[in-house]
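# A closer look at the structure
One letter stands for each residue in the lines below.
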Amino acid sequence: MCGIIAAVSSEEEVAPLLLEGLKREEYRGYDSAGVALLDGRGSIAVKKDVGMVRELEARHGVSKLKGQAGIAHTRWATHGGVSRENAHPQVSCDGEVAIVHNGIVENYVALKKALEAKGHVFVSETDSEVIAHLVEEGYEKEGDPVAAALAAANLMRGQYAFVALFSDRPRLLVGARYDAPLVVGLGERTRFLASDVLAFLAETDKAVFLDNKEVVELTPESLRVFNLKGREMSPKTRKETHVAWELGSLSKANYAHYTLKEIHEQPATVQAALAQDPEKVGEAAERITRARSVVLTAAGSSYHAALLMKLRLALEAKMRCEVVLSGEFERELPFIDEGTLLVAMSQSGETADVLEAVKMARRKKVGGVLSMVNAAGSSLVRQSDQSLLLNCGPEVGVAATKSFTAQVMVGNLMIDRVTGRESVGDPRRLGQLVERALESEPLMRELARRYSGRPDFYFIARGGHYPVAQEGALKLKELSYIHAEGMPASELKHGTLALIEEGTPVVVVAPNGPGYDDTISNAQELAARGAEIIGIAQKPHPVFKHTVAIPASNGTVAPVLEVVPLQLLAYFMATERRNDPDHPRNLAKSVTVK
Ligand code: AGP
C-alpha cells in the first residue's frame with residue numbers, strides 16, 4: 001500500500017535520501033511514485049509518474065533536484081485510476097502546499113464539494129487531494145502549519161497518515177496520523193517521517209513511533225507532537241527507539257529475489273523466533289490460561305498460523321477458542337467480553353482489518369490483547385497489552401514466508417508453556433530440520449517446470465496440516481497467479497472431486513501420524529480420476545507421482561517443514577511464468593486500508 005518518506009535537513013540535499021527511501025518502500029506494493037522538493041527560493045518542484053521508482057528517476061532525474069526539505073510517495077491506487085495526475089504529491093491550488101497521503105479519506109466527496117464551492121479547483125480523482133486543499137485553507141486562515149494540519153485532520157473521516165510541505169517554511173515538515181502508520185527518524189543532520197522505518201534505516205536507526213491521532217512538527221533540530229485537540233504532548237512521552245533490524249538484512253545477498261532469500265533464511269529465523277524472553281512467554285501463557293475464552297484474529301498467512309494455534313489450544317489445552325478473519329470480526333463481537341483474551345497476529349502490525357478488530361474488541365471491553373508481530377513499534381504492538389515479537393527481520397517479499405514459520409514457532413512456544421509440554425525442542429535441531437526441508441529445492445524447481453502451465457492446483461490435508469494446505473494454495477495464487485485451493489481432505493467428496501481432470505496436480509500433505517491412512521485413501525480417489533499427486537510426506541507411496549520428502553518431526557513442528565517446499569514451489573512457479581515473485585500484481589505487502 002502507499003508509502004510515505006519525507007526528509008528535512010540542516011545541510012544535506014534530501015532528494016537522494018527520498019529516492020532511496022522510496023526504493024526501500026517498494027515492497028509495500030505501488031503503481032506510481034512521486035516527490036516534491038522545496039528549493040532555497042521557496043518554490044515546490046513536483047515530479048511524479050506512473051510506474052516504478054527507477055522509471056521516475058530515469059524520466060525526471062529526481063536525485064538531482066535541489067532542496068533540503070521534501071516529501072515522497074509510492075501510490076497504490078484506491079480512489080482514482082493509475083495516472084500521473086492521481087500520483088502523489090498532491091498540491092494545493094496556489095501551489096504553496098504539497099502533501100503525500102496513505103489511507104482513505106472516507107468523506108472526501110463532501111469535503112471536495114465544500115472546497116469547490118469555495119473556489120478550489122481539483123485536478124485529480126483522488127480522495128487525497130482534498131488534504132492539500134484543506135491544509136491550504138487552514139494555513140490561509142491560521143497562518144500556522146500545525147494549526148492548518150490539525151484543522152484538516154479534524155475534518156477528515158477514515159484513516160490517514162499525511163505529511164505536508166509548505167513553500168514558505170523551508171525547514172519544516174508537518175505530519176498527522178489516524179489509523180495509518182507514521183514514524184519519525186532522527187538522523188544527525190536530517191530527520192525523516194515515513195510509513196516504515198525501513199525507509200530511513202540507511203540513514204539512522206533512531207526512531208520515534210507516533211501514537212495514533214497525533215500531529216507532528218519536525219525540523220532538523222526539533223520534534224513537537226500534538227494531539228488532535230492541539231494540545232502539545234510532553235516530550236517525555238516520546239521515547240526514542242533504537243531499531244534493531246540490520247541494514248544488511250535488506251539486501252538480496254546472492255539471491256535473485258527477496259522471496260527466495262527469505263525462504264532460505266528460515267533455518268535461522270525459526271531459531272530467532274524461539275529466542276524469546278522466557279518471562280514474557282510465561283506472562284503470555286498466563287494471560288491465555290486466565291482467560292475464559294481465546295479469540296485469535298489475523299488475515300492472510302497470519303490467519304493460517306492462527307488456525308494452527310487454535311488447534312493446539314483446543315485439543316491440547318482444552319480451551320474455548322475461535323479464529324476469526326479480522327475483516328469478518330464483527331460476527332464474533334457478541335461473544336467478546338472481559339473474560340476473552342484477543343490474540344492478534346500480524347507480520348506488519350499495520351494491517352487495517354487487524355487494527356480495526358482490536359478496536360472493536362476494546363469497545364466490547366475485551367479482557368486483554370496479546371499480539372504476535374514482526375514489526376516492533378508498529379500500531380498493533382502499541383495497541384496491545386503485550387506483544388511477542390517474531391524476530392525474523394524485515395520481510396520484503398510480498399508473500400509471507402519466514403514470518404509465517406516464525407509465527408507458528410512463537411505460537412508453539414507459548415502453547416507449550418500453557419500445556420507444560422516440551423514440543424519445540426532444541427532450536428538448533430529445528431534449524432537443521434528446516435535446512436533439510438530446503439533440500440527439496442531442485443525437485444520443486446522441476447515440478448514448477450512441469451506444472452506451470454496448469455490452470456488449477458489443489459492442496460489437501462487433514463487436521464493440523466490443513467492450514468498448511470491453505471497456506472500452500474495462498475502462496476501459489478499470490479506468486480504464480482494460478483487458481484489454487486487448499487481444503488480439508490475430508491471435504492473432497494463433497495464437491496471438489498468434480499473438478500479433477502486428467503493431469504490436475506494435487507498436493508497432498510500426508511505426514512506420518514493420525515489421519516495418514518485416510519489422507520492416502522483420498523489421494524487414491526483423486527488419482528483414480530486422473531489427478532497427479534504430489535505427496536508431501538516422510539516416505540514415498542505408490543499413489544504419489546512425486547514424493548517431496550520432509551524430515552520426520554513431532555506434530556507441532558511439522559507445519560513448518562511442510563510449508564517450506566510449498567513456498568519454493570510457489571516461487572519457482574512464479575519465475576517459470578516470468579512473474580516477479582517479489583512484487584505480485586495487484587498485491588501489497590502491508591494492507592493498510594480496509
Ligand atoms: C501472504 O503471503 C500475504 N502477503 C498476505 O496474505 C498477508 O499475510 C496478510 O496481508 C496479513 O499481513 P500481516 O501479517 O502483515 O497482518
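None of these values were measured; they are calculated from a predicted model.

### Details of the overall build of the chain
- A count of helices and strands for the chain gives 17 helices and 24 strands.
- For the chain, the C-alpha radius of gyration of 25 Å lies close to 25 Å, the compact-globule estimate for 594 residues.
- For the C-alpha atoms alone, the extent of the chain along its principal axes is close to 75 × 50 × 45 Å.
- Across the 594 residues of the chain, 61% fall into the buried class.
- The contacts in the chain between residues at least 6 apart in sequence include a share of 71% that link residues at least 24 apart.
- When the accessible surface of the chain is split by element, carbon and sulfur atoms take 49% of a total near 22,500 Å².
- Each charge sign in the chain was given a centre, from 69 positive and 77 negative side chains, and these centres are 2 Å apart.

### Points about the sheet that holds strand 5 (residues 90-91)
- The six strands are arranged 5-6-7-8-12-13 in an open sheet whose pairing can be described as antiparallel. Either end of the sheet is taken by a strand with one partner, and the two such strands are strand 5 and strand 13 (223-227).
- Bridge count for strand 6 (residues 97-105) against strand 7 (residues 158-166) is nine bridges, and the pairing is antiparallel. Bridge pairing in strand 7 places Ala98 opposite Leu165.
- Strand contacts of helix 5 (residues 145-155): strand 7, strand 8 (173-178), strand 12 (214-218) and strand 13, with the helix running at about 155° to strand 12, the strand carrying the most contacts.

### Observations concerning the site of the ligand
- As a matter of local geometry, the ligand sits amid 14 residues, with Ser302, Ser346, Ser348, Thr351 and Glu478 nearest to it.
- Lys475 is positioned with one of its side-chain polar atoms (N or O) 3.0 Å from an oxygen atom of the ligand.
- Within the complex, the protein chains bury 91% of what would otherwise be the 410 Å² of accessible surface of the ligand.
- Taken together, the elements giving at least two residues each to the shell around the ligand come down to helix 9 (300-315) and helix 15 (466-480).

### Focus on helix 15
- End to end, helix 15 covers 21 Å across 15 residues, agreeing with the expected 21 Å (1.5 Å per residue, within 8%).
- By the criterion of burial, helix 15 is predominantly enclosed, with twelve of the 15 residues buried.
- Where helix 15 is concerned, the buried positions are Pro467, Val468, Ala469, Gln470, Glu471, Gly472, Ala473, Lys475, Leu476, Glu478, Leu479 and Ser480.
- Lining the buried residues of helix 15 we find helix 6 (258-264), helix 9, helix 12 (402-419), strand 20 (456-461), strand 21 (483-488) and helix 17 (558-576).
- Looking one or two residues beyond helix 15, the residue adopting positive phi is Tyr481, at roughly 65°.

### Quick word on the packing of helix 12 against helix 17
- Their axes nearest at 10 Å, the elements helix 12 and helix 17 cross at an angle of 175°. In this view, helix 12 runs roughly antiparallel relative to helix 17, as classed from their interaxial angle. For the pair formed by helix 12 and helix 17, the contact residues are Phe404, Thr405, Val408 and Met409 on the first element and Val560, Val563 and Gln567 on the second.
- Looking at the contact of helix 12 with helix 17 residue by residue, the classes come out as five nonpolar, two polar and no charged.

### Observations concerning the pattern of salt bridges
- One pass over the structure, following the stated rule, counts 28 salt bridges.
- For Glu441, the salt bridge identified is with Arg445, shortest N-O distance 3.4 Å. Taken together, the residues Glu441 and Arg445, both in helix 14 (residues 441-451) and four residues apart, mark about one turn of the helix.
- Classification of Glu441 by relative accessible area gives buried; the value is 13%.
- Members of the salt-bridge network, linked through shared partners, are Arg312, Glu316, Asp416 and Arg421.

### A closer look at the domain arrangement of the chain
- According to the domain assignment, the chain contains domain 1 (3-243), domain 2 (251-424) and domain 3 (440-582).
- A C-alpha centroid distance of 45 Å is found between domain 1 and domain 3.

Conventions adopted
- Just so you know, the residues in each chain are numbered from 1, in the order the chain's sequence is written.
- pLDDT decides what is reported in this predicted model: residues at 70 or higher carry local features, side-chain atom pairs at 80 or more are listed and counted, and totals for whole chains, interfaces and linings draw on all residues regardless.
- The basis for every side-chain value is the complete set of non-hydrogen atoms in the structure, without hydrogens or water.
- Only runs of H or I of at least four residues qualify as helices and only runs of E of at least two qualify as strands under DSSP, and these elements are numbered from the N terminus.
- Taken over C-alpha atoms, the radius of gyration is set against a globule rule of 2.2 Å times the number of residues to the power 0.38.
- Buried means the residue's accessible area, taken with a 1.4 Å probe over protein chains only, is under 20% of the maximum for its type, while exposed means over 50%, and partly exposed covers the values in between.
- Whether two residues are in contact is decided by their heavy atoms, any of which lying within 4.5 Å being enough.
- Per-residue accessibility takes into account occlusion by the displayed protein chains alone, with areas from the Shrake-Rupley method and a 1.4 Å probe.
- Neither His nor the chain ends contribute to the count of charged residues, in which Lys and Arg are positive and Asp and Glu negative.
- Here the site of a charge means NZ on Lys, CZ on Arg, CG on Asp, or CD on Glu.
- When DSSP finds two or more bridges between two strands, those strands count as paired.
- Helix axes are fitted only over the stretch in contact, all axes being lines through C-alpha atoms; the angle between N-to-C directions runs from 0 to 180 degrees.
- Any residue with at least one heavy atom within 4 Å of a molecule or strand is counted as near it.
- Whenever two N or O atoms come within 3.5 Å, that pair is a polar contact, provided that in protein one can donate a hydrogen and the other can accept it, and provided that, for residues adjacent in sequence, both atoms are side-chain atoms.
- To estimate how far a helix should extend, the number of its residues minus one is multiplied by 1.5 Å.
- An angle counts as roughly parallel when it lies under 35 degrees, as roughly antiparallel when it exceeds 145, as roughly perpendicular when it falls between 65 and 115, and as oblique in every other case.
- Ten residues, namely Ala, Val, Leu, Ile, Met, Phe, Trp, Tyr, Cys and Pro, are considered nonpolar, four, namely Asp, Glu, Lys and Arg, are considered charged, and the remaining ones, Gly among them, are considered polar.
- Salt bridge, as used here, is a side-chain nitrogen of Lys or Arg placed within 4 Å of a carboxyl oxygen of Asp or Glu.
- Domain segmentation is taken from an automatic or database assignment of domains.

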